[in-house]
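Structural features, examined
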Amino acid sequence: MIVPGFANATFSTATVTNVTGGTSITLATSLDPTTSHSVRVFKSSEAEWAWDVPEPNYVTLCSVTLVGLGSPSLLPPALLPSRKLEFIGDSITAGYCNILWVPDIDRHHTNRSNLESFWLSWPTRLCEAANAVCHTAAWSGFALMKSKYCGKPVTMPEVFRRTLASVNSSDWEYAAWIPDGVVINLGTNDFHGWPETDVAFPQLFAETYLKWVLHLTSPAVYGPNVHIFLGVGPMTLAYSDPVREVVQNATSQGLKVHFLNQSGVSHGDCQHPSYQSDAILAKSSGAEIATALGWGP
C-alpha cells in the first residue's frame, strides 16, 4: 500500500479466509484531514506460486471505507496516463527472490513476502519512471511451452489469455485494453537442463515463439501496430539465438518486434536478479523501449 509522503505499509493475505462479508484491513491512519491523499493498493507477490496447476487463488477488493473527522469522502480519480505496457514473463519479471536478505534461507519453504517484491521489480520501476499504466502476467517457474525440460502442464501463453491468472475459465477480452508495447522474457525455464546435444530443441522453441508473436500481432489480439519486445537474460543466454531468429523472421514480415538484451546484471543470492539489479534492468530496458515507442521524458 503506497501513500505519497508516508511510509509504505504491507499486509499479508496468506491467512485471509474467504469469509462472508470479507476481511477488513486498515490501509492508512493519521492522515491530515485538511488535504487530499492518493492511496494505492498494490499486489506485490505471486499467487499460489508453488503449484504446477494453479487452483483459483486471487484477492478481490470489495470496497473502501473512510472514517474520521469532517466526513471524509472519495474524490474523482485522476486520469490515468495514456502510455500502456504489458509484461509477460517468469520469475525474472515477477521479482522472485529480489529482496532475499538471508543467503542461506530455504527459499522454497518460506513466506513469499520474505523473498520478493513486485513493487521493486524491474517492470514496476520501469512503468513508474515512464509514467505508464502496466499489466503483468508473470509466474515463477513457468515457460513458453511444454517440453521435457520444463514439464509444467500450464504455460505462460495460456496464463496470458486469462482475466484471472489462476482461473482457467476466464478469458481476457483483448480489445478492452490494447497496450503500446508488449514486453516478454521467456526462455530461462524452457532451457533449464537443456543439453546442447539436443540440437533440434532451439529450433522448436523459435518456431513456437514465432507462432505466438504472430498471434499477439494478429487482429484477433493486438494487431500489427503493437510493439513486441523479446527479452533475453540475465540468468542465461541459452535462448538468445532462437529469440534473435524470431525477431528477424517477425520483422521481415513488417512487424514491430525488437530484441531486448537484459544480460549483464548480477543474479543475487538465489541466482535471480536482486532489487538492485532490477533497478538497472528498469533503466536500461526502459530506455530501449521508450526509444522504440517514441516516448520522450
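Residues numbered from 1 in each chain as written. Predicted model: local features only at pLDDT ≥ 70, side-chain atom pairs only at ≥ 80, totals over all residues. Heavy atoms only, no water.

1. Quick word on the nonpolar core
- Residues Ile184, Tyr209, Trp212, Leu230 and Val243 are the most contacted members of the largest nonpolar core, which totals 39 residues.
- Listing elements by their share of this core, those giving two or more residues are α3 (156-160), β3 (181-185), α4 (201-216), β4 (227-232), α5 (240-252) and β5 (257-261).
- Top contributing element to this core by residue count: α4, with eight residues.
- Those residues in contact with leucine 230, other than ones at most four positions away along the chain, are Ile184, Tyr209, Val213, Val243, Val246, Val247, Val257, His258, Phe259 and Leu260.
- Core analysis: the next-biggest nonpolar cluster, separate from the first, contains 18 residues, Trp122, Leu126, Ala132 and Leu293 among them. (Core = buried A, V, L, I, M, F, W, Y, C linked by side-chain atoms within 4.5 Å. Buried < 20%, exposed > 50% of the residue type's maximum accessible area, 1.4 Å probe, protein only. Helix = DSSP H or I, 4+ residues; strand = E, 2+ residues; numbered from the N terminus. Contact = heavy atoms within 4.5 Å.)

2. Concerning a nonpolar patch on the surface
- Residues Phe11, Val16, Ile25, Val39, Val41, Leu61, Val64, Leu66 and Leu74 make up a contiguous nonpolar surface patch of roughly 780 Å² in combined accessible area.
- Considering the arrangement of structural elements, one finds valine 64 in the segment before β1 (83-89). (Patch = residues over 30% accessible without salt bridge, like charges linked within 9 Å, V, L, I, M, F, W, Y side chains within 5 Å. Areas by Shrake-Rupley, 256 points an atom, 1.4 Å probe, with all protein chains shown as cover. Salt bridge = Lys/Arg side-chain N within 4 Å of Asp/Glu carboxyl O.)

3. Regarding the sheet that holds β3
- If you trace the five strands from one edge of the open sheet to the other, you get β2-β1-β3-β4-β5, paired in parallel fashion. Strands at the two margins of the open sheet, each flanked by one partner only, are β2 (132-138) and β5. When strand polarity is set aside, the average angle formed by the axes of neighbouring strands in this sheet is 20°.
- Bridge count for β1 against β2 is seven bridges, and the pairing is parallel. Paired with leucine 85 across the bridge in β2 is cysteine 134.
- On the sheet, α5 packs against β4 and β5 and is oriented at approximately 155° with respect to β5. (Pairing = 2+ DSSP bridges. Axes fitted to C-alpha atoms, helices over the stretch in contact; angles between N-to-C directions.)

4. Here we look at the packing of aromatic side chains
- Counting across every chain of the model gives 15 aromatic pairs.
- On the numbers, 5.5 Å between centres and 80° between planes, the contact of phenylalanine 87 with tryptophan 122 is edge-to-face. With phenylalanine 87 in strand β1 and tryptophan 122 in helix α2 (residues 122-130), this pair connects stretches of sequence that are 35 residues apart.
- Residue class for phenylalanine 87 comes out buried when judged on its relative accessible area of 0%. (Phe/Tyr/Trp six-rings, centres within 6.5 Å; stacked < 30°, edge-to-face > 60°.)

5. Section: the environment of phenylalanine 42
- Positionally, phenylalanine 42 belongs in the segment before β1.
- Accessibility expressed as a relative area gives 26% for phenylalanine 42, which makes it partly exposed.

6. Quick notes on the state of the cysteines
- One pass over the full model with this rule turns up one disulfide.
- Note that cysteine 127 is cross-linked by a disulfide to cysteine 134, the S-S spacing being 1.9 Å. A torsion of -105° about the S-S bond marks the disulfide between cysteine 127 and cysteine 134 as left-handed.
- Using a relative accessible area of 25% as the deciding quantity, one classes cysteine 134 as partly exposed. (Disulfide = S-S within 2.5 Å.)

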